[in-house]
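# Coordinate inspection notes
Chain by chain, the residues run as shown.
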Amino acid sequence: MPELDDLAVQEISQLVFQDDRWQTAQQQLQMRALSREQALKMLQEGAEMYGFWPDLARETLESLVTQLMGSDVPSLGLQQWITASDVHQLGSVVPGEQKAKSGSQASIKTGRTSEDGPEGPEMRAMRTFATSRFSADLVALDITESSPTGGVEVQRFLQEKLPKGNTMAMKPRETTLDWKGHMVSPNYFRVINASIHVVVFVGCAAYALDLVTNKYPQANLMFSWPIFFARLGGMATAVWTALLFLSMARSILTICSRCLPRRGRSFWFTFLDCHKDLHIEAGKALVFYSAIHIVGHCIGTVPGVLQKDVAELNQLLGCAQEDPPYLLHWDLSIFHWPSCPLKEADKPMTFTEALFLTMPGLTGFFLVVVLAVVAVTSRHKFRARSFECFWNLHNLAIILWPLLLFLHGSQGWIGIGIPLVIVVCGLPMLLYTATRVARLFRYYCAGRSVKILRAVVRLGKDEGPEGSLVQLEVTKPMCLWSWKRNAGMYAYICLPDYSKLQWHPFTITSGYDDETVNFLIAGIGDWTQELASRCLNGTRLPRLALDGPFSAPTQSALDKRVLIAVGAGVGVTPFISLLSTLVSELVSETKHGLVEAHFYWISREPTEFIFAWNILQKWLKHPILQSKIFIHLYCTAKGPTQNLKGFLFREAVRRQCIVDRKHFKSHLTDWLKQNEVQSLGPQFPWAWAEGGSEDLIWVKCQSLESEGVAAAFKTIHSEQSSRYSTTSLGGEDCAEMFPVCFGRPHFKRDIASIGKARPGMNIHVYICGNDGLVGDLQSVCNSCAQEALARSRQNRTALQKYLVHYERFG
């Protein structure tokens, strides 16, 4: 059969994109006697235009080839589910047929796979989310009051099948109190933020009032009311400086997160986790209160100093009195400029002299300069354009800011006898210093033991580092590294040979029982692209250093009973770790309170799904995992608009989904009659079961060394990789298929449906993505919460909460 050359494809394209595209394409291809192999090749190339890996499994494309050839046959993935959803294969055993069961079927009942052996982990089947939402005791569609009901979303499919008089009322479920685990809530953060502002303002106002009325009563007479605001601003600046350092003492915050009491843990975990938000808020507050401090002195203190004589000033200044009203008297006269008591020759006569010829004025000027530089360089645009400049200036400011504050308050004119920065900021600065010292210790003492064992790179634009994705498997540091059931934590990575001062945060994707520390890093900046380039082009894998791990909100997900995790692109990294940990705990029969967990992975590049293939294979092998963990993969890629192969692939998928939905809808009604359903199976099209009409395609879980997949990735090993490697790149591909949907998830439909199926439990939604995704899901959860409130009032039941948790790094 002659091949279709580029000229023939171009001729067909011109005809196809004029009118009646699909019919024209079929006619033109039939006229050229297109073979199945040629159709398969065209559809494969079309799939690559939507981000799928080369040589997509033949089972995935066979139904699309049939669709292109003019026939309607259900997809193999749907056929797998229809076959496996027979009640005899999902847990119930017909007498006399036990011996005839295959190993895979028996494993569904026992929870064992052939690899587990007689001593392998045994997992008992149970009525889970599948039965509570979809299954019903339907006998010939006769529904009685005693029959358990299916989920509310199933009614959409049954409206055409059931008589209008038959309805399915929700049967009350046994209510169990939700665990009071960690929680990261934007509402809690707003409360914390407002509370801190109020407490700081009230406390600093009380300090300033006591200072100018009790300790220095003449200050109001000499400098008027602005002195009160100047002292308030000074104390507030010291307090927010303390919070500035405390919010970056990550090691201490991580330790605190493990020692929180059970009561009120949610609120305090939010405080510990949102340290970056608090750090930014502290920076903004510093600007505000510094401005109040400056204005207060400029319109009150400086004019008073210029107008009053030396004798009057010495009667007021604490450092000039024999018995000053100090809380703690430190002799800091070495820093006094001008000397105290004031002399007539040293007294400033102009505003310029007061600013540049006194210690408070000159250090105040430099403090303003430092604050302005940090504020400008900390803006997102500047950091994205020149991160190294931002980081170097930030490190310089970390040293200069407290030093200048110390000198600024060392005069003791109207104060407590010791610079406020020592009293207020001393402990937070020591805690922050401990964090930096721990980083230095890891770098210089334990850093040599940290090595990259394996790097897997998905090539980016023009097969280079730009837009690439790098998976690293790294040995664990020998000391100062705690990793036990802490899924989703993050660590800082440094490439010493590139820049010793640049440390960047990345989520750890490995589970608690993995021997290595794994990362998934996107090549979207100079540093990450340099990492990818060194992995691709170097003669050996680059040297790196680790700092961490540090607490993140995903840790709290292990305590939740009903969990929804949403990751966009590389933002899925904390949930890969969470999924790995949950899989390990459930397989090992670790006592776990999880009822159900939904993982949404949204990506423009379906090749990203390959990085989780080892976890997906574990999930596919154990039906008990499939009864508690549900994985939703979404591809948001937009293919070319005027490309024949891309058009044929996407249109074939759309038309095949029409055929598959028809078969699924008809089989779902029969499936609901079964009363011993134990598992939905990995092939189950959740989007359709929820009433949606999304296009989807069933794919196989292919490993990194599968035929065709390896061409899209480059794997680099180190000499020690065989000793520590967490996963094997090879292995046989699983026969089971699972759906990948096109487009974006319908979160309102899905989250509301999950909530209605679990009326006695709170719904926790974890997000790692951009601000737009976080905002959308917050709106969805607010809407679902309003509906839950209405149901609670109507049914007089406990209020169901929809709680949002999202990642913050810094």
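Structural data are supplied above this passage.
Residues numbered from 1 in each chain as written. Predicted model: local features only at pLDDT ≥ 70, side-chain atom pairs only at ≥ 80, totals over all residues. Heavy atoms only, no water.

### Comments concerning the pattern of salt bridges
Within this structure, the stated rule accounts for 18 salt bridges. Lys700 is the partner of Glu59 in a salt bridge, and the nearest nitrogen-oxygen pair spans 3.5 Å. Pair noted here: Glu59 is in helix α4 (residues 58–68) and Lys700 is in strand β10 (residues 696–700), with a separation of 641 residues, a long-range link. Given the relative accessible area of 15%, Lys700 is considered buried. Glu651 is the salt-bridge partner of Arg655, the closest N and O atoms lying 3.0 Å from each other. With Arg655 and Glu651 both in helix α25 (residues 644–672), this residue pair falls four residues apart, about one helical turn. Judged by relative accessible area, which is 12%, Glu651 ranks as buried. (Salt bridge = Lys/Arg side-chain N within 4 Å of Asp/Glu carboxyl O. Helix = DSSP H or I, 4+ residues; strand = E, 2+ residues; numbered from the N terminus. Buried < 20%, exposed > 50% of the residue type's maximum accessible area, 1.4 Å probe, protein only.)

### Quick look at the environment of Lys638
Checked against the element boundaries, Lys638 lands in the loop between β9 (629–635) and α25. What makes Lys638 exposed here is its relative accessible area of 80%. Residues Lys638 and Arg650, twelve residues apart in the sequence, show an inter-C-alpha distance of 9.9 Å.

### Topic: the state of the cysteines
This model, assessed by the stated rule, comprises one disulfide. Disulfide partner of Cys319: Cys340, at an S-S distance of 1.9 Å. Classification of the bridge connecting Cys319 and Cys340 rests on its S-S torsion, roughly 85°, and on that basis the disulfide is right-handed. Here Cys319 is found in the loop between α15 (310–316) and α16 (351–356), whereas its partner Cys340 is found in the loop between α15 and α16, with 21 residues between them in sequence. Lacking any disulfide linkage, Cys781 is separated from the closest cysteine sulfur, that of Cys784, by 6.2 Å. (Disulfide = S-S within 2.5 Å.)

### Considerations on the nonpolar core
Ranked by size, the top nonpolar core spans 114 residues in total, and within it Phe52, Ile629, Phe649 and Ile697 carry the most contacts. By residue number, the principal contributor to this core is α25, which donates ten residues. Apart from residues lying up to four places away in sequence, Ile629 is in contact with Leu579, Leu582, Val583, Leu586, Leu594, Ala597, Phe599 and Trp619. (Core = buried A, V, L, I, M, F, W, Y, C linked by side-chain atoms within 4.5 Å. Contact = heavy atoms within 4.5 Å.)

### Considerations on empty space enclosed by the protein
One pass over the full model with this rule turns up six cavities of 30 Å³ or more. Approximately 180 Å³ is the volume found for the largest cavity. What lines the largest cavity is a set of 21 residues, and nearest its centre among them are Ile631, His632, Phe684, Trp686 and Pro739. With six residues, the top contributor of residues to the lining of the largest cavity is β9. Tallied by class, the residues present in the lining of the largest cavity amount to 16 nonpolar, three polar and two charged. Approximately 120 Å³ is the volume attributed to the second largest cavity. (1 Å grid on protein atoms, 1.4 Å probe; cavity = no way out; pocket = protein on both sides within 12 Å on 5 of 7 lines; lining within 4 Å. Points joined across faces, edges and corners; volume = space filled by probe spheres on them. Nonpolar A, V, L, I, M, F, W, Y, C, P; charged D, E, K, R; others polar.)

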